[in-house]
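# Overview (structure and organization)
Each chain, letter by letter, is given below.
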Amino acid sequence: PLIPTRELLAQARAAGRGLPAFNVIHLESAEAILGGAEDAGLPVILQISENAATYHGGLAPIARGTLAAVERSGARAALHLDHAEDPALVEEALSLGFTSVMFDAARLADEENRRLTERVCARAHAAGVLVEAELGEVGGKDGAHAPGVRTDPAEAARFVADTGVDALAVAVGSSHAMTQRTAALDLGLISRLREAVPVPLVLHGSSGVADAHLQEAVLAGMTKINVSTHLNKVFTARLRQVLEEHPEWVDSRKYLGPARQAMRAEVARLAAVIVGPGA
Ligand code: G3H
Ligand code: ZN
């Protein structure tokens, strides 16, 4: 069933546990995430990015399919709009029934980021929807998750107080779309951010972080753990293998099914790693 993101995040943070947020790019990935969460008996966030919506020619088709899958699933699952840069897309997500949105104005100048983020918060909060944001302190086309970029705790606390956001993406050493799990996170900085910032912290680019290190990050104070690339790798590896074994197969269900199954198994395994033993 669909559960408010606010509820899942609050429970995870209170228990000192991580909450996995896995990206949906097509219906097979939504099914794999829900199946894996159900197998593991753990809650999960399904997130659809602005890029994924663009791939489908709009947010509604993939969002409605995903929502229908969530509603008939046994997993406790929230639906989140990931990396939205367009306030109009946030509006659409509110009307489609998303339980949270990430408004990503990190590319904009700090003042503009604050102004637009405040406005998005007012709209989303009126609909009971949680807002995640990230700081635009660094700029540049790689945004706040380029390697080497760090979020300052005092500035993060000010940003949350000024804008009213409910969750904050912070730069602590990860970067997006890594295909090797070699990132070194700044655990001391995570602890300082956890102390300074009153809302749940979000780790982006978690595909680049090894299992044990993800658990250390959660213990240090990260709550929402975003993973996309790693699951794409698992899906694609199985797909390649099946196509090589069966060059005669033309019905896409035959090869997408095993890829979906492999991703489902990895979702179940990784969700347990991320949720961790808790406090
Ligand atoms: O917002 C989505 C995540 O930050 C995913 O990043 O593909 O590097 O795991 P990743
Ligand atoms: Zn991200």
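Calculation rules
- Residues numbered from 1 in each chain as written.
- Chains lettered and ligands numbered in written order.
- Predicted model: local features only at pLDDT ≥ 70, side-chain atom pairs only at ≥ 80, totals over all residues.
- Helix = DSSP H or I, 4+ residues; strand = E, 2+ residues; numbered from the N terminus.
- Rg over C-alpha atoms; globule rule 2.2 N^0.38 Å.
- Contact = placed C-beta atoms within 7 Å.
- UniProt positions renumbered as here; feature names shortened; annotations may be inferred.
- Buried ≥ 20, exposed ≤ 12 C-beta atoms within 10 Å, placed from the backbone.
- Core = buried A, V, L, I, M, F, W, Y, C linked by C-beta atoms within 7 Å.
- Arc of directions from axis to C-beta.

The chain carries the name Class II fructose-bisphosphate aldolase in an unreviewed UniProt entry, which gives Galactobacter caseinivorans as its organism.

### Description of the overall build of the chain
A tally of regular secondary structure across the chain gives eleven helices and eight strands. Expected size for 279 residues packed as a compact globule is a radius of gyration near 19 Å; at 18 Å, the chain falls within 12% of this value. Of the contacts formed within the chain by residues at least 6 apart in sequence, a portion of 70% connects residues at least 24 apart.

### So, the UniProt feature "active site" (unreviewed entry) in the chain
The positions that UniProt labels "active site" (unreviewed entry) are, in the present scheme, Asp82. Looking at where Asp82 falls in the secondary structure, it is placed in strand 3 (residues 77-84). For Asp82, a count of 24 C-beta atoms within 10 Å corresponds to the buried category. Excluding its chain neighbours within four sequence positions, the residues that come into contact with Asp82 are Asn23, Gln47, Ile48, Ser49 and Met102.

### Topic: the nonpolar core
In terms of nonpolar packing, the biggest core is built from 83 residues, with Ile33, Val44, Leu46, Val101 and Leu168 touching the most fellow members. Ignoring sequence-local partners within four residues, the contact set of Val44 consists of Pro20, Phe22, Ile33, Ala37, Ala75, Ala77 and Ala271.

### Observations concerning helix 5 (residues 87-96)
What helix 5 keeps buried is the set Leu89, Val90 and Ala93. Along the axis of helix 5, the buried positions cluster into a sector of 105 degrees, meaning they face one direction only. The outward face of helix 5, more than 90 degrees from its buried face, is lined by the exposed residues Ala88 and Ser95. In this structure, the buried residues of helix 5 make contact with helix 3 (50-55), helix 4 (59-72), strand 3, strand 4 (100-103) and helix 6 (110-126). Of the residues flanking the end of helix 5, it is Gly97, one or two places downstream, whose phi is positive at about 100 degrees.

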